[in-house]
Amino acid sequence: MRIVLLGAPGSGKGTQSQSLVKAYGVPQISTGDLLREAVAAGTALGLRAKSAMDAGKLVDDETVLGMIRERLSQADTANGFILDGFPRNIAQADALQTVLREIGKPLEAVVLLNLDLGILFKRLTGRRICQECGQVFNIYTSPPDSAQHRAANGHEPRLIQRPDDREDVIGKRLEVYDAQTKPLIQYYKDAGLLRVVDADASMDAVFASIQRAVA
Ligand code: AP5
């Protein structure tokens, strides 16, 4: 499986990637996660990326492409990958095509998770993450059950909010999506790779739709 999950912030790319990893045994490559790890570790790359991320803007292409080239060269991608949050603009999509052509592993499908703006906003403002184990919750749609979480993970859910899930930053992220990432829908339609999935359904129903779309 070699796919891209395309969609606006909060459309469920990370959530569905986790299910795909379990079902297909291929790694999730999330540029957002890789960048947040670099920020947390205080690396030079992380310091460069932080101000753009906090403002809801895209990190520069050179930084992101360097990260992706390095990640795609790792052995665990031999049987495929799920790209989550990459590519984000036409330049990144062109560069991805070049890299995948070089390694002889073209994309099989690009799955667009389609969702209305109002729902995106609620999903993003409601998202909380357990800082101990990284599990993602939503105070509106999937709040944590303390006892269940303690039994499964050995700790209480200790919830934090991503700095870019503040309302003012969400607006900017959605603007950036419209201006820079949305053109990829036509780009991948033209390439014959686009599959559209209705992401306004339960997590399981969206997952089933993705499975059908990539079958
Ligand atoms: P990134 O981390 O990629 O964020 P994003 O694209 O904005 O997407 P999110 O992670 O916010 O949302 P998601 O679609 O994964 O939704 P989730 O599954 O969590 O990027 C962050 C920043 O890094 C960017 O702004 C940029 O600065 C930088 N960056 C990253 N990649 C870059 C690139 N390629 N180039 C340049 N810069 C880059 O779900 C959201 C919530 O909804 C959760 O609470 C979840 O529990 C809930 N939920 C999910 N599905 C459902 C459902 N079906 N029903 C009910 N609730 C649901």
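Everything discussed here concerns the structure shown above.
Going along each chain's sequence as written, the residues are numbered from 1 onward. In keeping with the predicted nature of the model, local features appear solely for residues at pLDDT of at least 70, side-chain atom pairs appear and are counted solely at 80 or more, and the whole-chain, interface and lining totals rest on all residues. Excluded from the side-chain calculations are hydrogens and water; all other atoms, namely the structure's heavy atoms, are used.

S.K.: Could you give an account of the site of the ligand, with specific residues and numbers?
M.R.: Around the ligand lies a shell of 35 residues, among which Thr15, Thr31, Lys57, Arg127 and Arg173 are the nearest. Gly85 places a polar main-chain atom, nitrogen or oxygen, 3.0 Å from a nitrogen atom of the ligand. In the analysis that follows, any N or O atom pair within 3.5 Å is treated as a polar contact, provided that within protein one partner can donate a hydrogen and the other can accept it, and provided that, for residues neighboring in sequence, both atoms belong to side chains. One of the side-chain N or O atoms of Thr141 is found 3.0 Å from a nitrogen atom in the ligand. Here the ligand has 1,000 Å² of accessible area as a free molecule, and 96% of this is covered by the chains. We count a stretch as a helix when DSSP gives it H or I for four or more residues in a row; a strand needs E for two or more, and each element gets its number in order from the N terminus. Residue assignment for the shell around the ligand shows that the elements contributing at least two residues are α1 (13-24), α2 (31-41), α6 (117-126) and β6 (136-138). Considering every element that reaches the shell around the ligand, the biggest residue donor is α2, with four residues. In terms of residue class, the shell around the ligand is built from 13 nonpolar, 13 polar and nine charged. Residues are counted as near a molecule or strand when any one of their heavy atoms sits within 4 Å of it. Residue burial considers only the protein chains on display, and all accessible areas are found by Shrake-Rupley using a 1.4 Å probe. Residue polarity is assigned by list, with Asp, Glu, Lys and Arg as charged and Ala, Val, Leu, Ile, Met, Phe, Trp, Tyr, Cys and Pro as nonpolar; anything else, Gly included, falls into the polar class.

S.K.: Break down the environment of Ser19 for me, with residues and values.
M.R.: Secondary-structure assignment places Ser19 in helix α1. Each residue is placed in one exposure class: buried if its accessible area under a 1.4 Å probe, protein chains only, is under 20% of its type's maximum, exposed if it is over 50%, and partly exposed if it falls in between. Judged by its relative accessible area of 28%, Ser19 is partly exposed. Considered as a pair, Ser19 and Met203 are 184 residues apart in the sequence and their alpha carbons are 9.3 Å apart.

S.K.: Describe the packing of aromatic side chains, with residues and values.
M.R.: Only the six-membered ring of Trp is used, alongside the rings of Phe and Tyr, when aromatic pairs are assigned; centres must lie within 6.5 Å, and planes under 30 degrees apart are stacked while those over 60 apart are edge-to-face, with the rest tilted. Counting across every chain of the model gives one aromatic pair. A ring pair is formed by Tyr187 and Tyr188, whose centres lie 4.9 Å apart and whose planes are at 80 degrees; its orientation type is edge-to-face. Owing to a relative accessible area of 4%, Tyr188 belongs among the buried residues under this scheme. A positively charged side chain is recorded as over a ring if its NZ (Lys) or CZ (Arg) lies within 6 Å of the ring centre. The angle to the ring normal must also be within 35 degrees. The ring of Tyr140 has Lys122 lying over it, and the distance from NZ or CZ to the ring centre is 5.2 Å.

S.K.: If you had to explain the sheet that holds strand β5 (residues 127-130) to someone new, which residues and values would you point to?
M.R.: Strands pair in a sheet through their backbones, by hydrogen bonds, and they do so in one of two ways: parallel or antiparallel. Pairing between two strands requires that DSSP report at least two bridges joining them. If you trace the three strands from one edge of the open sheet to the other, you get β6-β5-β7, paired in antiparallel fashion. Two strands bound the open sheet, and with one partner strand each, they are β6 and β7 (159-160). Pairing between β5 and β6: three bridges, direction antiparallel. Opposite Ile129, over in β6, you have Val136 as the bridge partner. Only heavy atoms enter the contact rule, under which two residues are in contact if any of them lie within 4.5 Å. Lines fitted to the C-alpha atoms define the axes, with helices restricted to the stretch that makes contact. Angles between their N-to-C directions range from 0 to 180 degrees. With respect to the sheet, α6 is in contact with β5 and β6, its orientation differing from that of β5 by roughly 30 degrees.

S.K.: Describe the pattern of salt bridges, with residues and values.
M.R.: Definition used for salt bridges: Asp or Glu carboxyl oxygen within 4 Å of a side-chain nitrogen of Lys or Arg. Enumeration according to the criterion identifies 13 salt bridges in this entry. Among the ionic pairs, Arg173 bridges to Asp165, the shortest N-O distance being 2.8 Å. When the shortest N-O distance is used, the salt bridge between Lys182 and Asp178 registers 3.2 Å. Looking at Lys182, the relative accessible area reads 40%, which means it is partly exposed. The exposure class assigned to Asp178 is partly exposed, which follows from its relative accessible area of 45%. Via salt bridges that share partners, Arg127, Arg162, Asp164, Asp165 and Arg173 belong to a single interconnected network.

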